Amino acid sequence: MLGLLSRLKKDKRNFEFLLIATGSYFGLRAKDLLNLKWKDIQNTDTLTVVESKTKKTRLITINPNLKEVFDFCQNQQIKSGCFSVENYLFPNKSGKSIS
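Note on numbering: residues in each chain are counted from 1, in written sequence order. Only residues with pLDDT of at least 70 are given local features in this predicted model, and only at 80 or more are side-chain atom pairs given and counted; all residues enter the totals for whole chains, interfaces and linings. Excluded from the side-chain calculation are hydrogens and water; included are all heavy atoms of the structure.

Draft legend 1. Looking closely at the pattern of salt bridges. Take a side-chain nitrogen of Lys or Arg and a carboxyl oxygen of Asp or Glu: if they are within 4 Å of each other, that pair is a salt bridge. Scanning the entire structure with this criterion turns up 6 salt bridges. One salt bridge connects R29 with E51, and the closest N-O pair in it is separated by 3.8 Å. With a gap of 22 residues between them, R29 in the loop between α2 (14-26) and α3 (30-34) and E51 in the loop between β1 (46-50) and β2 (57-61) connect regions that are remote in the sequence. Using a 1.4 Å probe on the protein chains alone, a residue whose accessible area is under 20% of its type maximum counts as buried, one over 50% counts as exposed, and one in between counts as partly exposed. You can call E51 buried: its relative accessible area is 10%. Among the charged side chains, a network of salt bridges with common partners joins R29, E51 and R58. Segments assigned H or I by DSSP are reported as helices when at least four residues long, segments assigned E as strands when at least two residues long, and all are numbered from the N terminus.

Draft legend 2. Representation of the packing of α2 against helix α5 (residues 64-80). The angle between two axes is taken between their N-to-C directions and runs from 0 to 180 degrees, where each axis is a line fitted to C-alpha atoms and a helix contributes only its stretch in contact. Relative orientation of the contacting elements α2 and α5 amounts to 155°, with a least axis distance of 10 Å. Comparing the axis directions of α2 and α5 gives the class roughly antiparallel. Two packed elements cross with a definite hand, and for α2 against α5 that hand is left-handed. Only N65, L66, V69, F70, F72, C73 and Q76 of α5 make contact with α2, whose side of the interface consists of N14, F17, L18, A21, T22, Y25 and F26. Residues are grouped as follows: nonpolar covers Ala, Val, Leu, Ile, Met, Phe, Trp, Tyr, Cys and Pro; charged covers Asp, Glu, Lys and Arg; every other residue, Gly included, is treated as polar. A class-by-class count of the residues in the contact of α2 with α5 yields 10 nonpolar, 4 polar and no charged. Oblique is the label for any angle not under 35 degrees, not over 145, and not in the 65 to 115 range, which are roughly parallel, roughly antiparallel and roughly perpendicular in turn. A clockwise turn of the near helix away from the far one marks a right-handed crossing, whereas an anticlockwise turn of less than a right angle marks a left-handed crossing. It only takes one pair of heavy atoms within 4.5 Å for two residues to be counted as in contact.

Draft legend 3. Inspection of the side chain of T22 at higher detail. Note that T22 resides in helix α2. Among the residues examined, T22 registers a relative accessible area of 0% and is labelled buried. Within the local environment of T22, its side chain forms a polar contact with the backbone oxygen of L18, the two atoms lying 2.7 Å apart. Beyond its immediate stretch of four places on either side in the chain, T22 contacts G27, L33, L36, L66, F70, L89 and F90. In protein, a polar contact requires one atom able to donate a hydrogen and another able to accept it; more generally it is a pair of N or O atoms within 3.5 Å, and residues adjacent in sequence count only if both atoms are side-chain atoms.

Draft legend 4. Inspection of the side chain of E51 at higher detail. Separated by 2.8 Å, the side chains of E51 and T54 make a polar contact. If we skip the residues at most four places from it in the chain, E51 touches R29, D32, K56 and R58.

Draft legend 5. Fine view of unusual backbone geometry. In this structure, N43 takes a positive phi of about 55° despite not being glycine. Residue placement: N43 occurs in the loop between α4 (38-41) and β1. Given a relative accessible area of 82%, N43 falls into the exposed group. Despite not being glycine, K55 has its phi angle at roughly 65°, a positive value. Tracing the sequence through the fold places K55 in the loop between β1 and β2. Taking the relative accessible area as the measure of exposure, K55 reaches 59% and is therefore exposed.

Draft legend 6. Spotlight on the confidence of the model for the chain. Confidence of the prediction at every residue is given by pLDDT, a number between 0 and 100. Here the chain shows a mean pLDDT of 93. Residues at 70 or above account for 100%. The lowest-confidence element of the chain is helix α1 (residues 2-10), averaging 90 in pLDDT; the highest-confidence one is β2, averaging 97.

Dropping the structure here:
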């Protein structure tokens, strides 16, 4: 997995880089991943998620490697002028959650 992530980062495929890293480290269902916003993961060491299918609450520790991924992708968005803590991590072209 680390080889794939390194390649995606090198190739500047930030959406895929963020999606695969987040999915791999969090182990969430796609629907739960796609509903994450930057404010959910900023300035914290944990993420609390209510799973959409089971309605169970999960407390997930954010891995330091994943924090580096978040920082990198956030900085790329800041440089391009499209970052907001209210944005979805994985927005569609109109900025809404992918469904």
